[in-house]
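Structural characterization, general
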Amino acid sequence: MDVMVLIDSFKESMTSMEAGNAARDGVLRVYPHANVTVRPLADGGEGTTDALIEGLGGRKVELSVTGPMGSRVKAYYGILADEKTVVMEMAQAAGITLVEEAQRNPGKATTYGVGEMIRDAVSRGYRKFIIGIGGSATNDGGIGMLRALGVKFLTKDGEEAGEGADALGKIHFVSLEHLMPELKECDFQIACDVTNPLCGEKGATYIYGKQKGIREEEMPRIDADMKHYAAITAERIGVDYAAREGAGAAGGMGYAFISYLGARLVPGIELILDVIHFEEEAKKAQIVLTGEGRLDLQTAMGKAPVGVARAAKKYGCKVIAFAGSVTKEAAACNDNGIDAFFPIVRGACTLEEAMQREKAMENLTDSVEQVFRLL
């Protein structure tokens, strides 16, 4: 029997690989000679770097960078075992969780630290990048990141336009003279699961600005400034990407990557499955195990387990999912490639008890064992 295991992390309980290994132990209790392959699973968001480092034998590079509100923060990125591929999350340097709610101010918040992370990796000789851009505190169109890489955004007086969304309307000229020349050799794949354009009612400011601290009355001005920035950029590079799906991701970070760094925006789960060579393994597997902390309607709408299921179905695999809890709406997962799903909690307990690492791993192993006994 060939079984492939790809389970997303159970937040604050099990990492992706801990969950995968626990599931593998359950299979081997029933089929001791089964060929069970465990791979890390993530969707390009929080935890992706850690999952790939742990699951693919990578290592961390730690550094100090500029945080979203200008103070220094500790960040890290991953180098995978091939010693060629860099994995980053922009939230390490510009994440909303780095800013207290009362201090959130997208008018000033910058992505400069993300550019410092990229510059550091490029300076070390790396040219292949996988970057997750979720969870940002910023709405600066990516100009902070680009400034750290050498782009100059200048006012009509030739001065630096500054940082944050408040700088966008001041930009009258873009200089690429000092952009790191090594970036032309780089390949950027950006994990992006949103399809919003840069501007307008469905753009970065109107859809995501409120949660970052933009007040309703500020939105028309900031959106107009973003359109101005896009127009100046299009004039400078000769192409207008403002309407491209995903351009509005992470406060316009998607737009910056497409326009200035020639990046490709890829759905997070597709990108991760490609990195772990999922299709090669799935061709051999009869059964694929997946799951996450909670299965619900959002899972069915395309989160990592359903992404796995849809890919696995191309090769005729049975797909079974396990979760800490399931909602009634999780039944929609059955229409999206998951043949059956099971909660792993085995008795009445508190949430705190259910989330204890050792207990969660034991529950997962026991649940998988019972399912495979039926098989």
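Residues numbered from 1 in each chain as written. Predicted model: local features only at pLDDT ≥ 70, side-chain atom pairs only at ≥ 80, totals over all residues. Heavy atoms only, no water.

1. Considering the overall build of the chain
Broken down by element type, the chain carries 14 helices and 13 strands. Taken over C-alpha atoms, the radius of gyration comes to 22 Å for the chain, in line with the 21 Å a tight globule of 375 residues would show. Counting all 375 residues of the chain, 55% fall into the buried class. When the accessible surface of the chain is totalled, it reaches about 16600 Å², and 48% of it is carbon and sulfur. Placing the 42 positive and 53 negative side-chain charges of the chain at their respective mean positions leaves the two points 2 Å apart. (Helix = DSSP H or I, 4+ residues; strand = E, 2+ residues; numbered from the N terminus. Rg over C-alpha atoms; globule rule 2.2 N^0.38 Å. Buried < 20%, exposed > 50% of the residue type's maximum accessible area, 1.4 Å probe, protein only. Areas by Shrake-Rupley, 256 points an atom, 1.4 Å probe, with all protein chains shown as cover. Lys, Arg positive; Asp, Glu negative; His and termini not counted. Charge placed at Lys NZ, Arg CZ, Asp CG, Glu CD.)

2. Some details on helix α7 (residues 219-237)
Its 19 residues give α7 an end-to-end C-alpha distance of 27 Å, which sits within 8% of 27 Å, the value for a rise of 1.5 Å per residue. Within α7, burial applies to Met219, Ile222, Asp223, Asp225, Met226, Tyr229, Ala230, Ile232, Thr233 and Ala234. Buried-residue contacts for α7 involve α5 (143-148), β7 (152-154), β8 (173-175), α6 (204-212) and α8 (253-261). Following α7 by one or two positions, Gly238 adopts a phi angle in the positive range, close to 85°. (Expected span 1.5 Å × (residues − 1). Contact = heavy atoms within 4.5 Å.)

3. Comments concerning the packing of helix α1 (residues 16-30) against helix α14 (residues 357-374)
Following both chains from N to C, one finds α1 and α14 inclined at 40°, their axes separated by 7 Å at the closest point. Judged by the twist between their axes, the crossing of α1 over α14 is right-handed. The segment α1 lies against α14, with Glu18, Ala19, Ala22, Ala23, Asp25, Gly26, Val27, Arg29 and Val30 engaging Arg357, Met361, Leu364, Thr365, Asp366, Val368, Glu369, Phe372 and Arg373. The residue makeup of the contact of α1 with α14, split by class, is nine nonpolar, two polar and seven charged. (Axes fitted to C-alpha atoms, helices over the stretch in contact; angles between N-to-C directions. Left-handed = near helix turned anticlockwise from the far one by under 90°. Nonpolar A, V, L, I, M, F, W, Y, C, P; charged D, E, K, R; others polar.)

4. Details of the pairing of strand β6 (residues 128-132)
With four of five residues buried, β6 lies mostly within the body of the structure. Both β6 and strand β9 (residues 187-191) contribute to a ladder of five bridges, which runs parallel. Opposite Phe129, over in β9, you have Phe188 as the bridge partner. (Pairing = 2+ DSSP bridges.)

5. So, the side chain of Glu369
Take Glu369: it is sitting in helix α14. A polar contact is formed between the side chain of Glu369 and the side chain of Arg29, at a distance of 2.7 Å. If near-sequence neighbours (up to four positions away) are discounted, Glu369 is found in contact with Gly26, Arg29 and Val30. (Polar contact = N/O pair within 3.5 Å; in protein donor to acceptor, adjacent residues only side chain to side chain.)

6. A closer look at helix α12 (residues 304-313)
For the α-helix, the turn length of 3.6 residues means that residues three or four positions removed from each other point alike. For α12, the buried fraction is high: eight of the ten residues fall into the buried class. Those residues of α12 that sit buried are Ala304, Pro305, Val306, Gly307, Val308, Ala309, Ala311 and Ala312. Buried residues along α12 sit in contact with β1 (2-7), α9 (268-275), α10 (278-282), β11 (287-295), α11 (297-300) and β12 (318-326).

7. Thoughts on the pattern of salt bridges
All told, the structure shown has 28 salt bridges when counted by the stated rule. For the salt bridge of Arg24 with Asp25, the shortest nitrogen-to-oxygen distance reads 3.5 Å. The partly exposed category is assigned to Arg24, whose relative accessible area is 28%. Close ionic contact of Glu292 with Lys303 constitutes a salt bridge, the shortest N to O distance being 3.7 Å. With Glu292 in strand β11 and Lys303 in the loop between α11 and α12, this residue pair connects regions lying eleven residues apart in the sequence. Through salt bridges that share partners, Arg29, Asp366, Glu369 and Arg373 make up one connected network. (Salt bridge = Lys/Arg side-chain N within 4 Å of Asp/Glu carboxyl O.)

That is the geometry; function is a separate question.
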